[in-house]
Amino acid sequence: MAQTGSGEALDARRRLFGTRDFDLLSRPVIDSARLRGRGAKSNEAGRFEVHRREMFADGWEPEPEEGFETREHIERAKSIITRNVSPDVGFDRSINPYRGCEHGCSYCYARPSHAYLGHSAGVDFERDIYVKVNAAELLRTELANPRYKPRPIAIGTNTDPYQPLERKHRLMRSILKVLLETRHPVTIVTKSALIVRDLDILTKLAKHNLVAVGISVTSMDHKLSRFMEPRASTPSRRLEALKLLSEAGIPTRIMASPMIPAINDHELERILDAGKAQGATAASFIVLRLPGEVRDIFREWLLKTYPDKVRHVMNLVRDMRGGKENDPRFGSRFKGEGPYALLMQQRFEKAIARLGLETGGPALRTDLFAHAKKDEPQLSLF
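Residues numbered from 1 in each chain as written. Predicted model: local features only at pLDDT ≥ 70, side-chain atom pairs only at ≥ 80, totals over all residues. Heavy atoms only, no water.

Asks: Explain the overall build of the chain to me, and be specific about the residues and the numbers.
Replies: The number of helices and strands found in the chain is 13 helices and 10 strands. For the chain, buried positions account for 49% of its 382 residues. The long-range fraction of contacts in the chain, counting pairs at least 24 apart against all pairs at least 6 apart in sequence, stands at 79%. (Helix = DSSP H or I, 4+ residues; strand = E, 2+ residues; numbered from the N terminus. Buried < 20%, exposed > 50% of the residue type's maximum accessible area, 1.4 Å probe, protein only. Contact = heavy atoms within 4.5 Å.)

Asks: For the packing of aromatic side chains, give the residues involved together with the corresponding values.
Replies: Inspection of the entire model under this criterion finds four aromatic pairs. For the ring pair Phe285 and Phe348, a centre distance of 4.9 Å and an interplane angle of 45° mean the geometry is tilted. Linking Phe285 in strand S10 (residues 282–287) with Phe348 in helix H13 (residues 339–355), this pair joins segments that are 63 residues apart in sequence. An aromatic cluster of three or more residues is present, and its members are Phe298, Trp301 and Tyr306. Above the ring of Tyr109, the side-chain terminus of Arg289 is found at 4.8 Å from the ring centroid. (Phe/Tyr/Trp six-rings, centres within 6.5 Å; stacked < 30°, edge-to-face > 60°. Lys NZ or Arg CZ within 6 Å of the ring centre and 35° of its normal.)

Asks: Any chance you could break down helix H9 (residues 235–247) for me, citing the residues and the numbers?
Replies: Taking 1.5 Å per residue, 13 residues should reach 18 Å; H9 reaches 18 Å between its end C-alpha atoms and fits that length. Residues of H9 that are buried sit in contact with helix H7 (199–207), strand S8 (211–216), helix H8 (222–228), strand S9 (252–259) and helix H10 (268–277). Backbone geometry just after H9 places Gly249 at a positive phi near 85°. (Expected span 1.5 Å × (residues − 1).)

Asks: A description of the nonpolar core should follow, citing residues and the corresponding values.
Replies: Within soluble globular proteins, side chains that are nonpolar tend to cluster in buried spots. Of all hydrophobic cores here, the largest spans 61 residues; its most connected members are Leu139 and Ile254. Ignoring sequence-local partners within four residues, the contact set of Leu139 consists of Ile80, Ile81, Ile95, Ile153, Ile175, Val178 and Leu179. Residues Leu288, Trp301, Val313 and Met314 belong to the second largest nonpolar core, which totals 21 residues. (Core = buried A, V, L, I, M, F, W, Y, C linked by side-chain atoms within 4.5 Å.)

Asks: Residues and numbers for the sheet that holds strand S5 (residues 128–132), please.
Replies: The strands making up a sheet associate through hydrogen bonds between their backbones, and the pairing can be parallel or antiparallel. Reading across the sheet, the three strands line up as S1-S5-S4 and stay open at both edges, with mixed pairing between neighbours. Here the strands that pair on one side only, and so sit at the sheet edges, are strand S1 (71–75) and strand S4 (98–99). As paired elements, S4 and S5 share two bridges and run antiparallel to each other. Note that in S5 the partner of Tyr98 across the bridge is Val131. (Pairing = 2+ DSSP bridges.)

Asks: Explain the state of the cysteines to me, using residue names and the numbers behind them.
Replies: According to the stated counting rule, one finds zero disulfides in the structure shown. Cys101 takes part in no disulfide bond, and the closest cysteine sulfur, belonging to Cys105, lies 6.1 Å away. For Cys101, a relative accessible area of 7% gives the class buried. Among the cysteines around Cys105, which has no disulfide bond, Cys108 carries the closest sulfur, lying 6.1 Å off. (Disulfide = S-S within 2.5 Å.)

Asks: Hey, could you go over the side chain of Asp327 for me, with residue numbers and the actual values?
Replies: Mapped onto the elements, Asp327 comes out in the loop between helix H12 (310–320) and H13. Look at Asp327 and you get buried, because its relative accessible area is 7%. The contacts of Asp327, once residues within four sequence positions are left out, are Arg321, Ser332, Arg333 and Glu337.

Asks: So what about the sheet that holds S9? Which residues, and what values?
Replies: Sheet architecture is open: seven strands sit in the order S2-S3-S6-S7-S8-S9-S10, paired in mixed fashion. The strands lining the two open edges of the sheet, one partner per strand, are strand S2 (82–83) and S10. With five bridges connecting them, strand S7 (residues 186–190) and S8 associate as parallel partners. Bridging across to S8, Val186 finds its partner in Val211. Of the strands in this sheet, S8 and S9 touch H9, which is tilted by about 155° from S9. Each of S9 and S10 is contacted by H10, which is oriented at about 165° to S9, the strand it contacts most. (Axes fitted to C-alpha atoms, helices over the stretch in contact; angles between N-to-C directions.)

In structure tokens, the structure reads:
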């Protein structure tokens, strides 16, 4: 339902929020009862869709609609190892067993990719999850190629590999078994305590210096975490997982990501302290990124959750992005620029120096790699 009110009241709200934010606030959004457990507040059509639908009040009361339940899309992928040449990341290949992520982080930079599947970057990204059921099978095939040269594979760089559906499909466990069999190095990033389920395999990989794990903690405030990441593990459970991994001899990293100005950036040192206390040996952080549709989705979340901070937060974001709301340039997109970003970087450097945390990861071994054996079909007796 569109926002209504007198002309003076509307003008006042525009001055408070700014024209663009007021338009977002006035835009029809989904009833909050249907959005229980979801991070996005709307479900705008994907940018490649031909048709768009808009709600308006016509006096008719429709039947109550059900909530947005998770929908699984079983997918048989054609390939599983994705290559990249970005200078901002320390890997050149990755695996994403799932497309879409049920954690529902309001700031997730992977949201725009759902438009390529004909879905919204909003609620659809959190409920329409594509499951690559043949991930381990494809990995085995690709690692059996005699021309394949091993380098660490990064898992969890786009969507979380240990999101809730992993409990059912166990794709990560089957992938890790192939990596252990071939002695292939791997790095994993997650914000889910479910990773400890695979502690047995991870421990075996660690004995050969083949694995490193990063645990992402956005806030130590459970209430704020639930607002921003409604279906992710609580901060305490993530730290507990980090402790269990560290005690098992697995190199761990505490990742304070993303740092959102005036929302959670004051917790940077606290997050790093907690990670160190649980055994982390390395640390990193990134500042909020708002590519594509993420800009409006995050602003909608901000308008609903912290309406009194909207202008302040967005002004600080622009201060770190050269006056824009997003800067996709290599070298600055993760750290930002300007006085506020510089101050955050200095705080981070002082904290890790005090705690004795590294910024780089361990040098994982590649010399132990053995090509996978292809599954030979059974010969017929006739």
